[in-house]
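# Close look at the chain arrangement
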Amino acid sequence: MPETLGDRIKRIRKARGLGLRETAGKIGISATFLSRVESNAEKAAPSEEVLKKLAKVLDDDLDTLMHLAARVPEDVAAVIKKDPAMPAFLRTARDQEVSGEQLLKMLEESKKKKGRP
Amino acid sequence: MIPPLKVPYLEVRQIESAATELLRRYSKWKGTVPRPPIPIDDIVEGLLDLSLSVDNLCERLGSTDVLGATWLDEKHVVIDSSVEGNLGRFAFTLAHETGHWQLHRPIIEMEKVTVPLFARSPNERATPAIVCRTSRKRDPAEWQADTFAACLLMPASDVRAAVKAAFGDELPTSEGIEARRKAGEPDPWLKGVAEHVVETGNFENVSNEAMRYRLLDLKLVVDASNPQRRLL
């Protein structure tokens, strides 16, 4: 079974030796809320602000936490909103089954080619 | 409905010794001797590797007086959300559940494979969880877990040291402590003593009430009206 947001937070928190209440206190949320997120009992995913603080406290990757929370980061949403061609680009990538990782690789290669004399 | 837990009789000194042993294990695991405030969360989540949650237990269990519960097979301790904002009550409830884990889980585990003597009746299944209700505070298992919690969060040596630092070599003395205790009357004098000890000894996660009981149990306050004391 794939790791959920709650599983990941709990796993990393414990690996870092951070207590439940200690972590909740550092983020400024209640231990009850954090506990419910960790046990996948909370229906509403934490806000981006909370996830940012969690990523900082847990020293974890924010994009991964946002992905597991099924949230689109504000800066990414802004890119989509700003560029009218962006939705079509993303749909094409989806239809052609090109992952974000593959796209990043393609861009990296193109950058290298451009750099050649 | 989970039946109340039946446990063998334990003396206070046995419970105190179990709490001290847990602190010794923690000290070895952490590499430093724990001093008040005793890091109960780290003992539970770190040393004992139990999963800790804070949730609305009353709603979950359909009861109105549950403060904590421990699911044995899942190694899962749940503290009721109602005590979250109260540092002393939260720590004491968590230490209480730790008491069940240390003192009573071995009995339940043993009785899964042997003839049941304490934890359950012969035809009953082993209890999946220990649920702590305030209405069952006087049950032996609950009393033992409370005593364990007090010994764990307020180690006798640390309380004695704090009393000495706060009051010197003479133990704090007042008239009628025992009488007020028996009558269930408030004791502002004792409250003040406990407050001073909590502050001096850094017992940040201990409530004034818990410290009052501990001071009385350890005989660190003297009732001047006690005839036995006069004889001495």
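Look a little higher up for the structure.
These figures come from a predicted structure and were not determined experimentally.

## Some details on the overall build of chain B
If you tally the helices and strands in chain B, you get 10 helices and six strands. Put simply, chain B has 232 residues, and 51% of those count as buried. A separation of at least 24 residues holds for 69% of the contacts in chain B among residues at least 6 apart in sequence. Accessible area for chain B stands at about 12,100 Å²; split by element, carbon and sulfur atoms hold 53% of it.

## Quick word on the overall build of chain A
Broken down by element type, chain A carries eight helices and zero strands. If you list the helices and strands of chain A from N to C, you get α-α-α-α-α-α-α-α. Scaling as 2.2 N^0.38, a compact globule of 117 residues should have a C-alpha radius of gyration of about 13 Å, whereas chain A reaches 18 Å, well beyond that. Residues counted as buried form 31% of the 117 residues belonging to chain A. Within chain A, contacts between residues separated by at least 24 positions form 52% of all contacts whose residues are at least 6 apart in sequence. Taken as a whole, chain A presents about 8,100 Å² of accessible surface, with 55% of it coming from carbon and sulfur. Here chain A holds 24 positive side-chain charges and 19 negative ones, and the gap between their average locations is 2 Å.

## Description of the interface of chain A and chain B
Contact with chain A, which involves 12 residues of that partner, is made by 13 residues of chain B. When residues of chain A are sorted by the area they lose upon contact with chain B, Lys14, Arg21 and Thr32 of chain A head the list and together hold 50% of the total. Remark: the boundary between chain A and chain B carries four salt bridges. Across the pair Asp41 of chain B and Arg21 of chain A runs a salt bridge, and its minimum N-O distance is 2.6 Å. Seen at the junction of chain A and chain B, the total is 12 residue pairs in polar contact (both at pLDDT 80 or more). Where the side of chain A that touches chain B is concerned, the elements lending two or more residues are α1 (5-15), α2 (20-27) and α3 (31-38) of chain A. Counting residues per element, the side of chain A that touches chain B draws most heavily on α3 of chain A, which supplies four residues. Of the residues in the side of chain A that touches chain B, the class split is three nonpolar, four polar and five charged.

## Some words on the sheet that holds strand β3 (residues 76-80) of chain B
Residues and elements named next belong to chain B. Strand order across the open sheet formed by four strands is β1-β3-β2-β4, with mixed pairing between neighbours. Edge positions in the sheet fall to β1 (51-55) and β4 (129-133), since each of these pairs with one other strand and no more. Strand-to-strand, the axes of this sheet are offset by a mean angle of 15°, without reference to chain direction. Alignment of β1 against β3, held across five bridges, turns out to be parallel. Looking at the pairing, Leu52 lines up with Val77 of β3.

## A short note on the layout of surface pockets
A probe as big as a water molecule, rolled over the atoms, marks out the empty space that is left. Residues and elements named next belong to chain B. As a volume, the largest pocket reaches approximately 1,100 Å³. Phe92, Lys137, Asp146, Glu209 and Tyr213 are the residues nearest the centre of the largest pocket, which is lined by 30 residues in total. Of all the secondary-structure elements, those providing two or more residues to the lining of the largest pocket are α1 (12-30), β2 (66-71), α4 (87-113), β4, α5 (140-153) and α9 (208-217). Classifying every residue of the lining of the largest pocket gives 11 nonpolar, seven polar and 12 charged.

## Thoughts on the nonpolar core
Ranked by size, the top nonpolar core spans 78 residues in total, and within it Leu54 of chain A together with Val159, Phe203, Met211 and Leu215 of chain B carry the most contacts. Take this core: its biggest share by element is eight residues, from α4 of chain B. Those residues in contact with Phe203 of chain B that sit more than four places away from it in its chain are Pro36, Leu153, Met154, Pro155, Asp158, Val159, Ala162, Val197, Val198 and Met211 of chain B. Leu57, Val66, Val78 and Ala129 of chain B belong to the second-largest nonpolar core, a separate cluster that totals seven residues.

## Observations concerning unusual backbone geometry
Omega for the bond connecting Pro36 of chain B with Pro37 of chain B falls within 30 degrees of zero, at -5°, which places this linkage in the cis form. Position of Pro37 of chain B among the secondary structure elements: in the loop between α1 and α2 (40-47). In this structure, Asn40 of chain A is a non-glycine residue whose phi angle is positive, near 60°. The topology assignment puts Asn40 of chain A in the loop between α3 and α4 (48-58). Look at Asn202 of chain B: it is not a glycine, yet its phi comes out positive at around 65°. Along the chain, Asn202 of chain B turns up in the loop between α8 (188-200) and α9. You can call Asn202 of chain B partly exposed: its relative accessible area is 40%.

Each value, and the rule that gives it
Residues numbered from 1 in each chain as written. Chains lettered and ligands numbered in written order. Predicted model: local features only at pLDDT ≥ 70, side-chain atom pairs only at ≥ 80, totals over all residues. Heavy atoms only, no water. Helix = DSSP H or I, 4+ residues; strand = E, 2+ residues; numbered from the N terminus. Buried < 20%, exposed > 50% of the residue type's maximum accessible area, 1.4 Å probe, protein only. Contact = heavy atoms within 4.5 Å. Areas by Shrake-Rupley, 256 points an atom, 1.4 Å probe, with all protein chains shown as cover. Rg over C-alpha atoms; globule rule 2.2 N^0.38 Å. Lys, Arg positive; Asp, Glu negative; His and termini not counted. Charge placed at Lys NZ, Arg CZ, Asp CG, Glu CD. Buried area = accessible area lost by both parts, 1.4 Å probe. Salt bridge = Lys/Arg side-chain N within 4 Å of Asp/Glu carboxyl O. Polar contact = N/O pair within 3.5 Å; in protein donor to acceptor, adjacent residues only side chain to side chain. Nonpolar A, V, L, I, M, F, W, Y, C, P; charged D, E, K, R; others polar. Pairing = 2+ DSSP bridges. Axes fitted to C-alpha atoms, helices over the stretch in contact; angles between N-to-C directions. 1 Å grid on protein atoms, 1.4 Å probe; cavity = no way out; pocket = protein on both sides within 12 Å on 5 of 7 lines; lining within 4 Å. Points joined across faces, edges and corners; volume = space filled by probe spheres on them. Core = buried A, V, L, I, M, F, W, Y, C linked by side-chain atoms within 4.5 Å.

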